[in-house]
Amino acid sequence: MEDGKTEKGLTVRRPLYAQLMFTALSFLVLNVLTYVFVRNVIYKNLVRNAENVLIIVQNQIENDLNNPKAYLAGFSRTIRTAVMRGGNADILKEYFVDLSNHLLADEERLPGFDGLFGYFENLPEGRVFTVDEKLVFPPDYDPTQRNWYRNAIAADGEIAETLSYSDVITGETILTYSLCIFDDDGNRLGIVTLRLKIDVIGKSIVESALERGGYGMLISRDIIMLAHPNPDFVGLDFRDPSIPVSIFADKMIEGVDVTEGSVVNYTGDKSIAFFHRLSNGWYIGLVAPEGPFYRDLTNMAYTLFMLGIIFAAILASILIRIDMAKNKSDRESRHKSAFLANMSHEIRTPMNAIIGMTTIGKTTGDIERKDYCFSKIQDASNHLLGVINDILDMSKIEANKFEISPLEFNFEKMLMRVVNVVNFRVDEKKQNLSIHIDRNIPKTLIGDEQRITQVITNLLANAIKFTPEEGSIGVDTSLVEESGGVCTVQVSVTDTGIGITPEQQARIFSSFEQAESSTTRKYGGTGLGLAISKNIVELMGGKIWLTSEAGKGSAFSFTIKVKRGAESHAGLLAPDVNIGNVRIMVVDDDKSILDYFMEISHEFKVRCDTAISGEEALKLLEENGCYHIYFVDWKMPGMDGIQLTSALKAQNAEVKSVVIMITAAEWTSIESEARKAGVDRFLSKPLFPSHIADVINEALGIDKGRIEEAQTNIKGLFAGRKLLLAEDVDINREIVIELLDPTGIEIDCAANGRDAVRMFSEAPHKYDMIFMDVQMPEMDGYEATRRIRELKYLEAKTIRIIAMTANVFREDIEKCLDAGMDNHLGKPLDFSEVINMLRHYLPKNKGVKNETRN
Ligand code: ADP
């Protein structure tokens, strides 16, 4: 599991499968070792238990065998005394009966006791065979022929032990203890004998060892089985092969104890056998099957095994998760490195252009060449600004500082601005860009226009970038739903470009994840756009997704939640047009354009017919007579737009009709030919409803004053106005002065905040506005503003102070406003924004030019 190190010190991670194998193996080994260890402990325990049992049983058996001897000895002394005192047969019999009855009545006292008898050879009555009441001997019984008799005589005053395996009375195995009694002169008086049932004595060992399936056995000195739980074995020679433990017979013959012998017992269980020699030369045996002892072990082994599997699985899943997290972080770090490399490339490329073009521009005397260099520098700077904005956005997103500021905006105009930004590239690549605006979307919406623009621009720029020349790109918008004044608007950008593989699709919305780097390198780009777009869209309560097929094209869609604005769609057409009478015909081979026109004309309340080809248009004309306005696509299969125009003009010779040609943005190449054919106006794609309305208005001759005010000439716009510019960097001062020069505004410069405060307090009436840089030496813009606001002059409170700073985060802007500034301009300066700011704040009744304009 641990990471290994190579000689170079590089950390090399073992592959996941090796780590998993190692884990599984460790658990296996652990289980096996535990099993073996516990088995060993259990075995030892079993042996100890068995030996303890054996010792107890041995004591008991020896008691059972020795107690009768003590009784016999005592009883013999009593009998001897009785005989010596001249006791006759009846008296002796009484003794025998009494003691025997007494012992029989209490089985505990002498287990296995089976009676007493005696043989007296020298009584006055002659030879007497005395028996208790229990025993009944056969009539022909001759004591002198019996072993107990012979053995007693041979024992010569000691107790003799005689085993008879098939007793004459009962046929059972009987042990007799017999003892000769003598008179004082050593003459034999007789023999006293005590009988014991061996099976009763053996039973105690057989039973006491039966716990947990074990059993015991008793074996005589001449190795005959005296007691065994299996009655078939009793009486057999221990060497009999049917007895499983017979394998230990040799040891017994040698007189050695068997301390642990392995055997399969008579019931077929694997067991351990123990044999101990008793003091009388007999053996007791104990056989303990292993099974019951190991059952717990088996259970434990199962439990251990299962636990092992569970732990191994948990560990494996942890390992897998760690591995995945590690892989993810590796991937992220690789992506970050690749991202840095890309960034470096993306920043250096335009920088290279800027520096290179500046050098060329400086050294050339040719004014056209200088212009060329400037335009290149401008392009590169704008590109660089885009890259920097992306990076800033991304870092704001990463720092959770990304916010949106909703304001009311015109949806269609917003789209027009987006199209204006990207349209030149569409023209360059001769692509076909179409736009569909759902007229259900309110005219104005309340949302963060700048951010929505950013998302659509990014999607559109990508579509253009990744679609080859003459491909098609479409922007479709729709109102998905509206409830409580909140509209869900969907925007889709489709293209017929290179497409994105499913594998890339899964990643391209994530931060620092780019599609295949080779693609990125071929097409350039920071690879941050989609990640930023996703965040913007999600902040607006929407989502972004794509469908794409490699080689066929992509469709990126997103939704946003925005509030309905106050303005609704007013009639775009001039109110003085008698609209009901106006008839329009649209001819285009693209059915979607025809549908779009139908939709718009429905809203405009004009009558509109459509034709899919020139031929069909002429047929319609024949049927319905002339139309007022014709919208004619330029490129159509069969009869093209120019041919159709000629035909239409010929047919409409006496009626005043207007032909508007729908073309790509760049129509200058066909202009003269088209005009010759009779085209009156050009309408470039993509088609916006307000553009269509404008050309209709214009065609009907009522366009003046209705078409939006063109970009106003700024010459002399602010003549007579005075601006105080607080800015420490020379070049920035110069830029503002140069840019605003045509407006006629007079500018005084302060090199820091302190100068600005001083200059203002010296002539508070002089200035109409202050542009205040924020970061300045000696006194920064915030402090300068606060000081100005604190001055006692009336103007100190009312003068407009606009921050000019490269700190463009929301909190920076709020800080400016808190310090008493009125508004904020971000650096690098957008010239039109500066003009708009001046327009917005400068009072209208001052200054010659402004007065006349307003
Ligand atoms: P950028 O375009 O600056 O590289 P984006 O985040 O906008 O960054 O796009 C990430 C990647 O997604 C692109 O590099 C490109 O590989 C893929 N991509 C985005 N839009 C398209 C599209 N319309 N067609 C094919 N690939 C696309």
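The paragraphs below set out a description of the structure included in this document. Everything quoted here is computed from the prediction, not taken from an experiment. (Residues numbered from 1 in each chain as written. Predicted model: local features only at pLDDT ≥ 70, side-chain atom pairs only at ≥ 80, totals over all residues. Heavy atoms only, no water.)

Considering the packing of helix α7 (residues 367-398) against helix α12 (residues 529-539)
Step number 1: For the pair α7 and α12, interaxial distance at closest approach is 10 Å and the crossing angle is 50 degrees. By the angle between their axes, α7 is oblique relative to α12. Relative to α12, α7 is oriented so that their crossing is left-handed. Judged by residue contacts, Asp390, Asp393, Met394 and Ile397 of α7 engage Gly529, Ala531, Ile532 and Asn535 from α12.
Step number 2: Residues that form the contact of α7 with α12 fall into these classes: four nonpolar, two polar and two charged. (Axes fitted to C-alpha atoms, helices over the stretch in contact; angles between N-to-C directions. Helix = DSSP H or I, 4+ residues; strand = E, 2+ residues; numbered from the N terminus. Parallel < 35°, antiparallel > 145°, perpendicular 65-115°, else oblique. Left-handed = near helix turned anticlockwise from the far one by under 90°. Contact = heavy atoms within 4.5 Å. Nonpolar A, V, L, I, M, F, W, Y, C, P; charged D, E, K, R; others polar.)

Some details on the packing of aromatic side chains
Step number 1: The full count for this structure, using the stated rule, is 19 aromatic pairs.
Step number 2: For the ring pair Phe117 and Phe137, a centre distance of 5.1 Å and an interplane angle of 75 degrees mean the geometry is edge-to-face. Remark: Phe137 occurs in the loop between β4 (126-131) and α3 (147-155) and Phe117 occurs in strand β3 (residues 113-123); sequence separation between them is 20 residues. The same class applies to Phe117 as to Phe137, namely buried.
Step number 3: Between Tyr215 and Tyr266, the aromatic rings sit 5.1 Å apart at their centres with planes inclined by 80 degrees, giving edge-to-face as the arrangement. Of this pair, Tyr215 sits in strand β8 (residues 215-219) while Tyr266 sits in the loop between β10 (258-264) and β11 (270-277), placing them 51 residues apart in sequence.
Step number 4: Members of the aromatic cluster, each reached through a chain of ring pairs, are Phe117, Tyr119, Phe129, Phe137, Tyr141, Trp148 and Tyr149.
Step number 5: The lysine or arginine in question, Lys543, covers the ring of Trp545, its NZ or CZ lying 4.8 Å from the ring centre.
Step number 6: Between Arg583 and the ring centre of Tyr627, over which it is positioned, the NZ or CZ distance is 4.3 Å. (Phe/Tyr/Trp six-rings, centres within 6.5 Å; stacked < 30°, edge-to-face > 60°. Buried < 20%, exposed > 50% of the residue type's maximum accessible area, 1.4 Å probe, protein only. Lys NZ or Arg CZ within 6 Å of the ring centre and 35° of its normal.)

Quick notes on α3
Step number 1: Those residues of α3 that sit buried are Trp148, Tyr149, Ala152 and Ala155. Here the buried residues of α3 occupy an arc of 130 degrees about the axis, which is enough to place them on one side.
Step number 2: Residues of α3 that are buried in the fold lie against β3, β4, β5 (160-164), β6 (174-182) and β7 (188-197).
Step number 3: Once α3 ends, the next one or two residues include Asp156, with phi positive near 55 degrees. (Arc of directions from axis to C-beta.)

Observations regarding the sheet that holds strand β22 (residues 629-633)
Step number 1: Read from one edge of the open sheet, five strands run β21-β20-β22-β23-β24, paired in parallel fashion. Strands with a single pairing partner mark the edges of an open sheet, and in this sheet they are β21 (607-611) and β24 (681-684). With strand direction ignored, the average angle separating the axes of adjacent strands in the sheet is 20 degrees.
Step number 2: Pairing geometry for strand β20 (residues 583-587) and β21, over five bridges, is parallel. When the bridges of β21 are listed, Ile584 appears paired with Cys608.
Step number 3: The strands that helix α16 (residues 668-677) touches are β23 (658-663) and β24; relative to β24, the one it contacts most, it runs at about 140 degrees. (Pairing = 2+ DSSP bridges.)

Section: the sheet that holds β10
Step number 1: Across the sheet, which stays open at both edges, the five strands sit in the order β9-β8-β12-β11-β10 with antiparallel pairing between neighbours. This sheet does not close on itself; its edge strands, each paired only once, are β9 (225-227) and β10. Neighbour-to-neighbour, the strand axes of this sheet turn through a mean angle of 30 degrees, independent of strand direction.
Step number 2: Where β11 meets strand β12 (residues 283-289), seven bridges bridge the pair, whose relative direction is antiparallel. Its bridge partner lying in β12, Ile272 is registered against Ala288.
Step number 3: Relative to the sheet, helix α6 (residues 290-363) contacts β11 and β12, its axis offset from that of β12 by approximately 35 degrees.

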